[in-house]
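# Examining the three-dimensional arrangement
Listed here are the chains, written in short residue letters.
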Amino acid sequence: MAQVTTRVAIIGAGPAGLLLGIALHRAGIDFVILENRSREYVLGRVRAGVLEQGSVETLTRLGVGDRLARDGLVHDGIYLQFAGERHHVDFTALIGRTVTVYGQQEVVKDLMAEHDRLGSDARYEVADVAPHGLDGSAPTVTFTSDGRQHELAADFVVGADGFHGVSRASIPADQITIYEREYPYAWLGILANVAPSTDELIYCLHEDGFAMHSMRSHSVSRLYLQVDPTESIDAWSDARIWDALHTRLGVPGWTLHEGEVTEKSITPMRSFVASRLDYGRLFLVGDAGHIVPPTGAKGLNSALSDVTMLAAALIDFFAGDERKLAEYGTAALARQWRTQQFSQWMTEMLHRRPGDNAATAFDYRSQLGELSYVTGSDYAMQMLAEQYTGLKL
Ligand code: APR
Ligand code: PHB
């Protein structure tokens, strides 16, 4: 068995694992990244695209913000649309903060390029990744690569391996509780080769359900429709999708421009939080520890905020101060629950509950009342703006 020793074994090369590696490198702390997929697969996953101001600052501070500064689209706010009217929520005017539209795929591309430049030990297409000895002082991670067995010995193991990873699953079942809920709707998302028809993202509640107009660049649009979670993508031709988008997003005097659809998929929506993000020598970051529904654009941002906290804690630890590392799980979870409630609030305010009955008819009208209140109150819009642009760590 081939053996390697490092300080921090990072499982998963998504945005969380890759960014942690760069933060550790900047502090001179040795790490190895283990990823079970290929680089091309990781680079090809289409995900969200809004960066909080704090996420932009983190990427910039860590020296991976050049392309983001050049190609990222800085947005001053969002539109909330309901009852056929579009309302601007102006973050800059309300609280002096912004967000930046830049695809998660682009973030991953920048992080991988930096690891290539640094010559990092990041191993792709490894199999059978398994952490051991997490409750002792000398954990290891075993894996198979190029047909050989390997053992990585480390001071710490970081689970950055997403919702389906092995890290969270290696915490004994009687030591962890999962808090979760599924929503009775899903998002059908498309990427289209067409200039965005809007300057800001549009979040829209329509009688037929939620719709959203987002973007990736000046020439690529990203659009979403609320659909039933049991829907098959085959039932949605491009023409049917555009039809529904025109109906839900349409307002007088505005045109939604269509373009070639290059990607389409349906994603279920869930809220999920593990009761702990630490177990002995294991620390969880990002989707391994929590999932938000996408309505508030918090998935990537909360992964990056975990990493910022954990990197600072590990750097302190290796400099002789253990306090932040002891507090990581509690501090990161507290922030995560604040983010969860915001994502749940945005989600429930903007989606139609399924079913055609007196209760759903009531709920829809109550949601319209809530949106009317929010868009009519500077206090409420400030609350939204503060959370959308990102809470402090
Ligand atoms: N061994 C090694 N790697 C693994 C394993 C395993 N057993 N299981 C999963 N992985 C890898 C996945 O292939 C993936 O590349 O871990 C990585 C986890 O990356 P993400 O799922 O992107 O999670 P994270 O880095 O936490 O980023 C969170 O992704 O899902 C979105 O909305 C979410 O934007 C947020 C971001
Ligand atoms: C996206 O562009 O993919 C996106 C934007 C905002 C969201 C969710 C997804 O809230």
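Residues numbered from 1 in each chain as written. Chains lettered and ligands numbered in written order. Predicted model: local features only at pLDDT ≥ 70, side-chain atom pairs only at ≥ 80, totals over all residues. Heavy atoms only, no water.

## Considering the sheet that holds strand β19 (residues 278-279)
By way of backbone hydrogen bonds, the strands of a sheet pair with one another, either parallel or antiparallel. Spatially, the six strands line up as an open sheet ordered β9-β3-β2-β13-β20-β19, and their pairing is mixed. Edge positions in the sheet fall to β9 (122-123) and β19, since each of these pairs with one other strand and no more. The pairing of strand β2 (residues 8-11) with strand β3 (residues 31-34) spans four bridges and is parallel. When the bridges of β3 are listed, I11 appears paired with L34. (Pairing = 2+ DSSP bridges. Helix = DSSP H or I, 4+ residues; strand = E, 2+ residues; numbered from the N terminus.)

## As for the packing of aromatic side chains
Following the criterion strictly, the structure yields 14 aromatic pairs and no others. Pairing F317 with F318 gives two aromatic rings, centres 5.4 Å apart and planes at 85 degrees, and the pair type is edge-to-face. Seen from their ring centres, F342 and W345 are 6.1 Å apart, and the 40 degrees between their planes marks the pair as tilted. Taken together, the positions of F342 and W345, both in helix α9 (residues 323-350) and three residues apart, correspond to about one turn of that helix. Each member of the pair, F342 as well as W345, carries the same accessibility label: buried. Within the aromatic cluster, the residues linked to one another by ring pairs are F91, W187, Y203, F210, Y224 and Y388. In this structure, R86 is placed above the aromatic ring of W254, and the distance from its NZ or CZ to the ring centre is 4.1 Å. The cationic tip of R240 hangs over the ring face of W236; the distance from NZ or CZ to the ring centre is 3.6 Å. (Phe/Tyr/Trp six-rings, centres within 6.5 Å; stacked < 30°, edge-to-face > 60°. Buried < 20%, exposed > 50% of the residue type's maximum accessible area, 1.4 Å probe, protein only. Lys NZ or Arg CZ within 6 Å of the ring centre and 35° of its normal.)

## So, helix α8 (residues 299-318)
With 20 residues, α8 extends 29 Å from end C-alpha to end C-alpha; this agrees with the ideal 28 Å at 1.5 Å per step. Remark: G320 follows α8 within two positions and exhibits a positive phi of approximately 100 degrees. (Expected span 1.5 Å × (residues − 1).)

## Remarks on the pattern of salt bridges
Tallied over the entire structure, the rule returns 19 salt bridges. Its salt-bridge partner being E180, residue R270 comes within 3.3 Å of it at the nearest N-O pair. Placement of R270 in strand β18 (residues 260-274) and of E180 in strand β14 (residues 178-193) is noted, with a sequence separation of 90 residues between them. Residue classification places R270 among the partly exposed residues on the basis of a relative accessible area of 23%. For E180, a relative accessible area of 47% translates into the label partly exposed. (Salt bridge = Lys/Arg side-chain N within 4 Å of Asp/Glu carboxyl O.)

## Side note on unusual backbone geometry
Both trends apply: most residues other than glycine have a negative phi, and most peptide bonds are in trans. For A83, which is not glycine, the phi dihedral falls at a positive 50 degrees. Of note, A83 is situated in the loop between β6 (77-82) and β7 (85-90). Phi at D146 is positive, roughly 50 degrees, even though this residue is not glycine. With respect to the helices, strands and loops of the structure, D146 is situated in the loop between β11 (140-145) and β12 (148-153).

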